[in-house]
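# Observations on the three-dimensional arrangement
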Amino acid sequence: MRPLEVLLDIPHHPASHLSADLERIYGGPLSLGDSCVFANFVSSLDGVVALDDVGMRPSDIGLKSEADRFVMGLLRAHAEAIVIGAGTLRAEPTHRWTPERVHPAASDAFASLRSSLGLAPAPELVVLTSTGDIDADAPALADAVVVTTSKGADALRHRVHSETDLIEVSGGDVVDVASALDVVRGRGHRRILSEAGPGLTSQMLAARVVGDLFLTLSPMLAGRPEPGSRPGLAEGTDLVESGLRGDLMSVRQHGSHLFLRYALGGVTGRRSHREAAPAS
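Report on the accompanying structure. (Residues numbered from 1 in each chain as written. Predicted model: local features only at pLDDT ≥ 70, side-chain atom pairs only at ≥ 80, totals over all residues. Heavy atoms only, no water.)

Within the secondary structure, Leu181 sits in helix H7 (residues 177-186). Residue classification places Leu181 among the buried residues on the basis of a relative accessible area of 3%. Sequence separation between Leu181 and Val126 is 55 residues, and the spatial gap between their C-alpha atoms is 9.5 Å. Dropping the residues within four chain positions of it, Leu181 is found in contact with Val37, Val83, Ile192, Met204 and Val209. (Helix = DSSP H or I, 4+ residues; strand = E, 2+ residues; numbered from the N terminus. Buried < 20%, exposed > 50% of the residue type's maximum accessible area, 1.4 Å probe, protein only. Contact = heavy atoms within 4.5 Å.)

A few words on the packing of aromatic side chains. Considering all chains together, one arrives at two aromatic pairs under this definition. Positioned over the ring face of Tyr26 is Arg252, at 3.8 Å from the centre of the ring. (Phe/Tyr/Trp six-rings, centres within 6.5 Å; stacked < 30°, edge-to-face > 60°. Lys NZ or Arg CZ within 6 Å of the ring centre and 35° of its normal.)

With that settled, consider the side chain of Ser16. Here Ser16 shows up in the loop between strand E1 (5-9) and helix H1 (20-26). If near-sequence neighbours (up to four positions away) are discounted, Ser16 is found in contact with Pro29, Leu30, His78 and Leu117.

As for its placement among the helices and strands, Pro3 is situated in the segment before E1. Under the relative-accessibility criterion, Pro3 is labelled partly exposed at 31%. In the structure, Pro3 is positioned 20 residues away from Glu23 in sequence and 9.0 Å away in space, judged by C-alpha atoms. For Pro3, the contacting residues outside a window of four places in its chain are Arg24, Ile25 and His254.

Now for the pattern of salt bridges. A complete count under the given rule lists 11 salt bridges for this structure. Across the pair Glu80 and Arg190 runs a salt bridge whose closest N-O atoms are separated by 3.9 Å. Remark: Arg190 occurs in the loop between H7 and strand E7 (191-194) and Glu80 occurs in the loop between helix H2 (66-78) and strand E3 (81-85); sequence separation between them is 110 residues. Here Glu80 falls in the buried class, since its relative accessible area comes to 12%. Between Asp133 and Arg90 there is a salt bridge, with its nearest N and O atoms 3.8 Å apart. Of this pair, Asp133 sits in the loop between strand E4 (124-129) and strand E5 (145-149) while Arg90 sits in helix H3 (residues 86-91), and the two are 43 residues apart along the sequence. On the basis of relative accessibility, which here comes to 46%, the residue Arg90 falls in the partly exposed class. (Salt bridge = Lys/Arg side-chain N within 4 Å of Asp/Glu carboxyl O.)

The next subject is the pairing of E5. With respect to burial, E5 is a largely interior element, five of its five residues being buried. Where E5 meets strand E6 (residues 165-170), five bridges bridge the pair, whose relative direction is parallel. Looking across to E6, one finds that Thr149 is bridged to Ser170. Following the backbone out of E5, through helix H6 (residues 150-156) and into the adjacent parallel E6, one traces a crossover that is right-handed. (Pairing = 2+ DSSP bridges. Right-handed = clockwise from strand over helix to strand, strands pointing away.)

With 38 residues, the main nonpolar core has Leu22, Phe38, Phe70, Leu74, Leu89, Leu125 and Leu141 as its most contacted residues. Listed by contribution, the elements that provide at least two residues to this core are H1, strand E2 (36-43), H2, E3, H3, helix H5 (107-116) and E4. In contact with Leu125, not counting residues within four places along its chain, are Ile82, Ile84, Trp97, Ala140, Ala144 and Val145. In terms of nonpolar packing, the next biggest core, distinct from the first, is built from 31 residues, Ala81, Val177, Ala196 and Leu264 among them. (Core = buried A, V, L, I, M, F, W, Y, C linked by side-chain atoms within 4.5 Å.)

Rendered as structure tokens:
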């Protein structure tokens, strides 16, 4: 595929050593912290991140962009664990959260990258569900981790695959995201990628656990046929008073798609690049 054009790139973590082909397509190395939570989203031009139309998948917002799928695969290739919510699993019940699934052409390069980083062949999938309302027979759950409440555990205990790890973290009605991430880290995972939907993402943002946000801006205009339909990136949580801000670190372009990266202020404790040096 044609390489992404780099318009801005401010390294703020050590860079991984990509193969020549991956670095050529991405437009340079990818920098990630040794221990971090980073999220990946695709949004329409008017801010829609999920479609409720029958037969439409969340990935359709990206207009089946090869570049978007490449970036998604590259981020998955760096992850030790991928976190999603029950809604994401229900939206794509047959999906596999692996790098090669979204960009098969780079499967060998992704596999070599994971090997060079000392990672397992595939990231571990972690599904958060408060109620246990998931398809226990979904293929991706065969070797996944399900983190849930006591209610969810009761609903799933005799339904999930024998290979599925079912972990209860809360006796309340909602999974505490910070506790869930503690579980993931306790399994030895340091680089955690979130591909959660807008509801869970809003909880993660409110809990200030996401350090970097990778956002693909698609040229699609989706609209909202009904008030409250077709959610935005952070749905169901008021973040105005949180003080959470994004610091733009990277901009890449591929046709009419933009690939943005923001460091989220207040999460990592790092000064923004605008504050790091005096204005010229």
